[in-house]
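# Chains, contacts and geometry: an overview
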Amino acid sequence: MSSDLFASPLYTHFVSNYAQPGGPDLLARTEPFFEWQDARRRAGLWPYSRSLDAAPRAACAVRSETGAGATGLNFLSQDYLSLSTHPRVVEAAHRALREHGLHSAGSAMLGGNTAASLALEDAIAEAVQMPHVALFSTGWGAGFGTITALVGPSDHVVMDALSHACLQTGAAAATRNVVRFRHLDNEAVRRHLRKIRSRDTQNGILVVTEGLFSMDSDVPAIEELQSICHEWGATLLVDAAHDFGALGPRGTGSVGAQGMLGKVDLLMGAFSKTFGSNGGFLATRSPAVRQFVRVFGGPHIFSNALSPLQACVVTEALRIVRSPEGEVLRSRLFENIAVLRGELERREIGTLGAPSPVVPVVIGGAPVARVAARMIFERGVFVNLVEYPAVPIRGSRFRMQVMAGHSAEQARAAAAVVAEAIHEARAIVEGPRQFAVPFAAIQTPVPAGV
Ligand SMILES: Cc1ncc(COP(=O)(O)O)c(C=O)c1O
């Protein structure tokens, strides 16, 4: 018998239910969302906005938004090669502090460039074999700024349907002519380009994809996509936020792994996944494109530049990424990934996509996902829950993020906890009502000490 206890908004609503409140009072109309969110928080069913008590190491102490704390295994941080705690990277940060101080103290256009940021531009240019690099203080800014700088209202954007929010928001801000193609479907791109070109030969077309899609852990066929773009007079932008540094020979990401290093029209990336810092970049073969994006890409010119400390951290991290030690870290990372995926599958829990530092763990509906997320936290394993609208409505998943600093034993232990919790949550949600009671009421106390 399936339980109706899980039919309350606590389990059936998503943030999208509250995304467009009406009414004249901009502040008061946020209340219904807050009430719903707070009910989830009080029930231990709001697994977001957690904080770490210390550095994002493989084992760590985590606090929920309500202040409940737990110590355990960290599979929620984005630090794929564990470089944010690497002694050489930490030492680079100390040195930067002594030599350059704390602050860029200006936008890149107005005095915010530093000797450290110029060195980082050169290092990235060499690594990606594209000579012209523009830096941004976030990966988000790199995606949004690149698209809004290059694409005008009469141009077109043809983007993978699962493209990151910074790309989607950039496209929406740049033009109304945005089409989304079926995830990874290069033939769909060809069809869209043919159709656009049959009626518009005067305006530009930007095709947007990612080097590694982090919700599904899958990768486009980049060489074919680039050649389709050229065939139809379109420009390709690849966002390598998740793969640059973590995959491919010398960390060159999916473009490197597919023999396309230096050969895609535009490559952008973020430092926040592998390079131990915030920040992002656009790389291009054209000095004109670089200068144009710097001046017309809003976040480059109207937001303060990367701090010299961040620039030095990323430069040192990149040195390690490209070194033989980087290869060792990547192979350790991929051994952990194989153990985690293998153990989950052995326990009849599905994972999506191909092996990468992001392991998407299939759950299904929101009630099972939310109950399992609470159990996993209570049992000392930390993972990210991803729900609609970031993924399809019945496609809730855990996004486990693996690091080189994990041990195989930790990957095995985490897989066991996650798999057991999902099976138990399914039994609770889909089984007889009495098992569901502890999870059904919003008054459910979060157990002491969690
Ligand atoms: C594909 C992609 N692009 C860009 C970003 C934004 O990067 P950042 O978080 O460094 O601003 C992210 C990060 O979530 C991402 O996944």
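Residues numbered from 1 in each chain as written. Predicted model: local features only at pLDDT ≥ 70, side-chain atom pairs only at ≥ 80, totals over all residues. Heavy atoms only, no water.

### Thoughts on the packing of helix α13 (residues 308-322) against helix α14 (residues 324-346)
Between α13 and α14, the shortest axis-to-axis distance is 4 Å and the interhelical angle comes to 80 degrees. The angle between the axes of α13 and α14 places the two elements in the roughly perpendicular class. Residues Ile320, Val321 and Arg322 of α13 form the contact with α14, whose participating residues are Pro324, Glu325, Gly326, Leu329 and Arg330. For the contact of α13 with α14, a count of residues per class yields four nonpolar, one polar and three charged. (Axes fitted to C-alpha atoms, helices over the stretch in contact; angles between N-to-C directions. Helix = DSSP H or I, 4+ residues; strand = E, 2+ residues; numbered from the N terminus. Parallel < 35°, antiparallel > 145°, perpendicular 65-115°, else oblique. Contact = heavy atoms within 4.5 Å. Nonpolar A, V, L, I, M, F, W, Y, C, P; charged D, E, K, R; others polar.)

### Some words on the site of the ligand
By nearness alone, every residue bordering the ligand is listed as Thr138, Gly139, Trp140, His164, Cys166, Glu210, Asp239, Ala241, His242, Ala270, Ser272 and Lys273. The separation between an oxygen atom of the ligand and a polar side-chain atom of His164 is 3.2 Å. For the ligand, whose free accessible area comes to 380 Å², the fraction covered by protein is 83%. (Near = heavy atom within 4 Å. Polar contact = N/O pair within 3.5 Å; in protein donor to acceptor, adjacent residues only side chain to side chain. Areas by Shrake-Rupley, 256 points an atom, 1.4 Å probe, with all protein chains shown as cover.)

### Re the side chain of Thr146
With respect to the helices and strands, the residue Thr146 is situated in helix α6 (residues 139-150). Ignoring sequence-local partners within four residues, the contact set of Thr146 consists of Phe136, Gly141, Leu237, Leu282 and Val293.

### Re unusual backbone geometry
Residue Pro389 follows Tyr388 across a cis peptide bond; omega there is 5 degrees. Within the fold, Pro389 resides in the loop between β13 (384-386) and β14 (396-401). The backbone phi angle of Ser49 is positive, close to 55 degrees, even though this residue is not glycine. Counting through the fold element by element, Ser49 comes out in the loop between α2 (31-42) and β1 (51-52).

### Overview of the pattern of salt bridges
In the structure shown here, the tally under the stated rule is 23 salt bridges. Note that Arg182 is salt-bridged to Asp185, the shortest N-O span being 3.3 Å. Judged by relative accessible area, Arg182 falls into the exposed class, the value being 61%. Put simply, Arg285 and Asp265 hold a salt bridge, and the shortest N to O gap is 3.9 Å. (Salt bridge = Lys/Arg side-chain N within 4 Å of Asp/Glu carboxyl O. Buried < 20%, exposed > 50% of the residue type's maximum accessible area, 1.4 Å probe, protein only.)

### Considerations on the domain arrangement of the protein chain
Partitioning the protein chain into domains gives domain 1 (5-80 + 325-440) and domain 2 (88-322). The C-alpha-based centres of domain 1 and domain 2 are spaced at 28 Å. Counting from both sides, the interface comprises 24 residues of domain 1 and, opposite them, 19 residues of domain 2. Summing both partners gives a buried area of about 1,500 Å² for domain 1 against domain 2, and 50% of it is carried by carbon and sulfur. Three residues, Gln78, Tyr80 and Arg330, lead the burial of domain 1 against domain 2; their summed loss comes to 33% of the area buried on that side. Linking domain 1 with domain 2 are two salt bridges, by the criterion used here. When the shortest N-O distance is used, the salt bridge between Arg397 and Asp216 registers 3.2 Å. Where domain 1 packs against domain 2, one counts 13 residue pairs in polar contact (both at pLDDT 80 or more). Of all the secondary structure elements, the ones that give two or more residues to the side of domain 1 that touches domain 2 are α14, β11 (358-364) and β14. When residues in the side of domain 1 that touches domain 2 are grouped by element, the largest group, eight residues, is from α14. Broken down by class, the residue content of the side of domain 1 that touches domain 2 amounts to 13 nonpolar, four polar and seven charged. (Domains from an automatic or database assignment. Buried area = accessible area lost by both parts, 1.4 Å probe.)

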